[in-house]
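Fold and geometry: a report
Now for the letters of each chain:
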Amino acid sequence: MRKVGVIGIGHVGVTVAFSLFTSGGADQLVLIDTKKEKATAEVNDFKDALARNHHHLVVVDGDYSELADADVIVTAFGDVAATVASGDRFGEFNFNTVQAQSVGAQIKASGFHGIIVDISNPCDVVTNILQQTSGLPRNHVFGTGTSLDTARMQRAVAAYLGDQDPRNIGGYVLGEHGNSQFTAWSTVTVGTRPLAEFIDDPSVYPQMEEAARQGGFVTAAGKGYTNYAVATCAVRLVEAVFSDARLLTPVSTYVEKVGTYVGYPAFVGADGVVKVHDLELTADENAQLEKTATYLKENAAKVGF
């Protein structure tokens, strides 16, 4: 039985749960929130939908003791309003890093020994905290990281070219899921061809990079939060774990050469991050990676991690 726990049933957490519910991506869902009545209400809504859903799932509002035999936990707790107000994912730094320590400790106490997929921001630092406080191996704890930022870059490049589906665009946004992220343009392709073959004007690169960086705040400015895109990233990772897909995708993972959790491509399968992909970056891109990693380590150190 594919059992998934979702911790934090706000806009993002419930979208993850709903996506798994309608796709049949899990057999059992456990919804956990500090607002017990919110989790109970969402479970009731899911149960009302069962007679019309294409798949049967067991859905419960539980506590951490329900997670002992879960396969995957998706963490989606957080103070989203702080991020929207500040325009920076570290706007929710104090609340979420304290919350992460509590969540990690409770996951450990539950006896859980599966895979954690973190969405909560600041994603890279929170993922780091969850790994250390849960006691799970590093490869079993990873975050959505720059998966979403990479998708936003793909959208920006496809929009500029005008005749491409975003899925035809390859390459990666690396580093922090936040303001210090950067697009590794040397990795970006259209089909199998380098992006440079399609663009003559170098001034468009910063414009596309900024579109990727600010995409979430554009959405949040209009509706107060983001949910569909990041939830889709998380669900794809859950599916990769269950199918042992060894999916090559950017995630927040521990990268040895920079000594911290950071957005970087990795192969994801049943054992979590099976392998971190070895990218050949330019000297400038390596310098940017070191810079964003240093920024993340400094912020993690502020709360003792």
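Per an unreviewed UniProt entry, the chain goes by the name L-lactate dehydrogenase and belongs to Scardovia inopinata F0304.

Observations concerning the sheet that holds strand 9 (residues 193-194)
In space, the 3 strands of this open sheet follow the order 7-8-9, with antiparallel pairing throughout. Only two strands of the sheet have a single partner each, and these edge strands are strand 7 (169-174) and strand 9. Relative to strand 8 (residues 182-190), strand 7 is paired through 5 bridges, and the arrangement is antiparallel. Bridging from a neighbouring strand, Tyr172 pairs with Ala184 of strand 8. The strands touched by helix 9 (residues 283-301) are strand 7 and strand 8; relative to strand 8, the strand with the most contacts, the crossing angle is about 135°.

Considerations on the UniProt feature "domain: Lactate/malate dehydrogenase C-terminal" (unreviewed entry) in the chain
In the UniProt entry, the feature "domain: Lactate/malate dehydrogenase C-terminal" (unreviewed entry) is given for residues 146-302. Between the C-alpha atoms that bound residues 146-302 the distance is 23 Å, and the span itself is 45% helix and 26% strand.

Details of the pattern of salt bridges
What the rule picks out here adds up to 9 salt bridges. The salt bridge involving Lys3 is made with Asp69; its shortest N-O contact spans 2.6 Å. With Lys3 in strand 1 (residues 3-7) and Asp69 in the loop between strand 3 (58-61) and strand 4 (72-75), this residue pair connects regions lying 66 residues apart in the sequence. Note on Lys3: relative accessible area 6%, which makes it buried. Here Arg213 makes a salt bridge to Glu210, at a shortest N to O gap of 2.7 Å. Of this pair, Arg213 and Glu210 are both found in helix 7 (residues 204-223), 3 residues apart, which corresponds to roughly one turn of the helix.

Focus on helix 7
Spacing of three or four residues puts side chains on the same side of an α-helix, whose turn is 3.6 residues. Across its 20 residues, helix 7 extends 28 Å between first and last C-alpha, which sits within 8% of the 28 Å expected from 1.5 Å per residue. Bending of helix 7 peaks at approximately 50° at the position of Gln214. For helix 7, the full list of buried residues reads Val204, Tyr205, Met208, Glu209, Ala212, Arg213, Gly215, Gly216, Phe217 and Ala220. Looking one or two residues beyond helix 7, the residue adopting positive phi is Gly224, at roughly 90°.

Definitions and cut-offs
Residues numbered from 1 in each chain as written. Predicted model: local features only at pLDDT ≥ 70, side-chain atom pairs only at ≥ 80, totals over all residues. Heavy atoms only, no water. Pairing = 2+ DSSP bridges. Helix = DSSP H or I, 4+ residues; strand = E, 2+ residues; numbered from the N terminus. Contact = heavy atoms within 4.5 Å. Axes fitted to C-alpha atoms, helices over the stretch in contact; angles between N-to-C directions. UniProt positions renumbered as here; feature names shortened; annotations may be inferred. Salt bridge = Lys/Arg side-chain N within 4 Å of Asp/Glu carboxyl O. Buried < 20%, exposed > 50% of the residue type's maximum accessible area, 1.4 Å probe, protein only. Expected span 1.5 Å × (residues − 1). Bend = angle between axes of the 7 residues up to and from the residue.

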